[in-house]
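What follows is the residue order along each chain.
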Amino acid sequence: MSKRPEGGISGSPPAAPGEAAVPLAGEILIIRRGGSFLLVGKAGSRFTLCIETPDDEYCLAVDPDDLVVVSMPEGGPIEQARMMLELVRQYHIPLVVLPKDHPGSKRLSMVVSVAPEILLACDVRRGTHPEQHLLCSSAELSGLSLAGVPGGITLKQLPPGATVERLNPEKSSTDKQQ
């Protein structure tokens, strides 16, 4: 399914002007533009997620309508991103935040965020932002805002040319996004 930025999809939650509504329950959406993509899923249940920073650990209360978003700014295997999403959503693995000058942040091919609303930005150093409302993305998806709502998600500032599709689980293991 392609997503039209000016309105919702049939059966979707209502959206305000400038927003698009997409129905979403347990499935995963893929948002693509250029060579990059995001995988988006609902948390689906209430759980506690630990965030590990260089100096501290804090725990985040996650609600069923909160979003789990995996960003792969340069693309890569969709199956890898799907596994990361499920490790967080189903198994509640802790998220690790690196210090801003950590050399490993340059090698991260994907980053993940869990929050009720998530803003994509291309000027955030990967893996270094402990606040879950902000997630590193490619320039092609920067400025996009995602919010979990009952029955779906809302998209704000969907860039022209971006597509939104449901991930086909049978194809995800062989689909290698370039």
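Just so it is clear, the structure is predicted and the values come from calculations on it, not from any experiment. Every chain begins its residue count from 1, and numbering advances along the sequence as written. At least 70 in pLDDT is required for a residue's local features to be given in this predicted model, at least 80 for side-chain atom pairs to be given and counted, and no such filter applies to totals for whole chains, interfaces and linings, which use all residues. Side-chain metrics in this entry use all non-hydrogen atoms of the structure; hydrogen atoms and water are not considered.

Caption draft 1: The arrangement of the overall build of the protein chain in detail. Put simply, DSSP marks the helices as runs of H or I at least four residues long and the strands as runs of E at least two long, and each gets a number from the N terminus on. Along the backbone of the protein chain there are two helices and 15 strands. Taken over 178 residues, the protein chain has a buried fraction of 48%. Across the protein chain, every contact between residues at least 6 apart in sequence was considered, and the portion connecting residues at least 24 apart equals 64%. Note on areas: these come from Shrake-Rupley sampling with a 1.4 Å probe, and a residue is covered only by the protein chains present in the view. In the form shown here, the protein chain has an accessible surface area of approximately 8,500 Å², with 54% of it arising from carbon and sulfur atoms. Accessibility here uses a 1.4 Å probe with only protein chains present; expressed as a share of the type maximum, an area under 20% marks a residue as buried, one over 50% as exposed, and anything in between as partly exposed. Should any heavy atoms of two residues lie within 4.5 Å, those residues are considered in contact.

Caption draft 2: Spotlight on the sheet that holds strand E4 (residues 47-52). A pair of strands is treated as paired once DSSP finds two or more bridges between them. Pairing is mixed in the open sheet, where three strands are placed in the order E5-E4-E8. At either margin of the open sheet sits one strand with a lone partner, and together these are strand E5 (57-62) and strand E8 (95-96). For E4 and E8, the ladder comprises two bridges, and the chain directions are parallel. Bridge pairing links Glu52 to Val96 in E8.

Caption draft 3: Main features of the sheet that holds strand E13 (residues 152-156). With mixed pairing, the five strands of this open sheet are ordered in space as E1-E13-E12-E10-E11. The two strands at the open ends of the sheet, each matched to only one other strand, are strand E1 (19-23) and strand E11 (134-136). Neighbouring strand axes in the sheet, compared pairwise and without regard to direction, differ in orientation by 25 degrees on average. Bridge count for strand E10 (residues 117-121) against strand E12 (residues 145-149) is three bridges, and the pairing is antiparallel. In the strand pairing of E12, Ile118 is matched with Leu146. Simply put, an axis is a line fit to the C-alpha atoms, just over the touching stretch for a helix, and the angle between two N-to-C directions goes from 0 to 180 degrees.

Caption draft 4: How the structure looks around the pattern of salt bridges. Any carboxyl oxygen of Asp or Glu within 4 Å of a side-chain nitrogen of Lys or Arg constitutes a salt bridge here. A full pass over the atoms with the stated rule returns eight salt bridges. The partner of Asp63 in a salt bridge is Arg46, and the shortest N-O contact between them spans 2.5 Å. One end of the pair, Asp63, is in the loop between E5 and strand E6 (67-72); the other, Arg46, is in the loop between strand E3 (36-42) and E4, with 17 residues separating them in the sequence. Using a relative accessible area of 29% as the deciding quantity, one classes Asp63 as partly exposed. Taken together, the salt bridges that share partners define one network made up of Glu19, Glu117 and Lys156.

Caption draft 5: Looking closely at the side chain of Glu86. By secondary structure assignment, the location of Glu86 is in helix H1 (residues 78-89). Excluding residues within four positions of it along the chain, Glu86 makes contact with Ile28 and Tyr91.

Caption draft 6: Spatial organisation of unusual backbone geometry. With a phi close to 55 degrees, His92 is a non-glycine residue in the positive phi region. Topologically, His92 is positioned in the loop between H1 and E8. In this structure, Gln157 is a non-glycine residue whose phi angle is positive, near 60 degrees. With respect to the secondary-structure elements, Gln157 resides in the loop between E13 and strand E14 (163-166).

Caption draft 7: Spatial organisation of the side chain of Asp66. Within the secondary structure, Asp66 is located in the loop between E5 and E6. Summary of buried charges: Asp66 has no salt-bridge partner, and the nearest side chain of opposite charge, Arg46, is 7.9 Å away. Apart from residues lying up to four places away in sequence, Asp66 is in contact with Gly41, Lys42, Ala43, Ala61, Ala115 and Pro116. The positive count covers Lys and Arg only, the negative count covers Asp and Glu only, and His and the chain ends enter neither.

Caption draft 8: Region of the structure containing the nonpolar core. Core analysis: the biggest nonpolar cluster contains 26 residues, and Ile31, Leu38, Val40, Leu146 and Leu155 have the highest contact counts within it. Of all elements in the fold, only E1, strand E2 (28-33), E3, E6, strand E9 (111-115), E10, E11 and E13 reach the threshold of two or more residues within this core. Sequence-distant contacts of Val40, defined by excluding residues within four places in its chain, comprise Leu24, Glu27, Ile28, Leu29, Ile31, Leu67, Val68, Val69, Leu85, Leu146 and Ile153. For our purposes a nonpolar core is just a set of buried Ala, Val, Leu, Ile, Met, Phe, Trp, Tyr and Cys residues, chained together by side-chain atoms within 4.5 Å. Ranked by size, the runner-up nonpolar core spans 22 residues in total, among them Leu39, Met72, Ala81 and Leu95.

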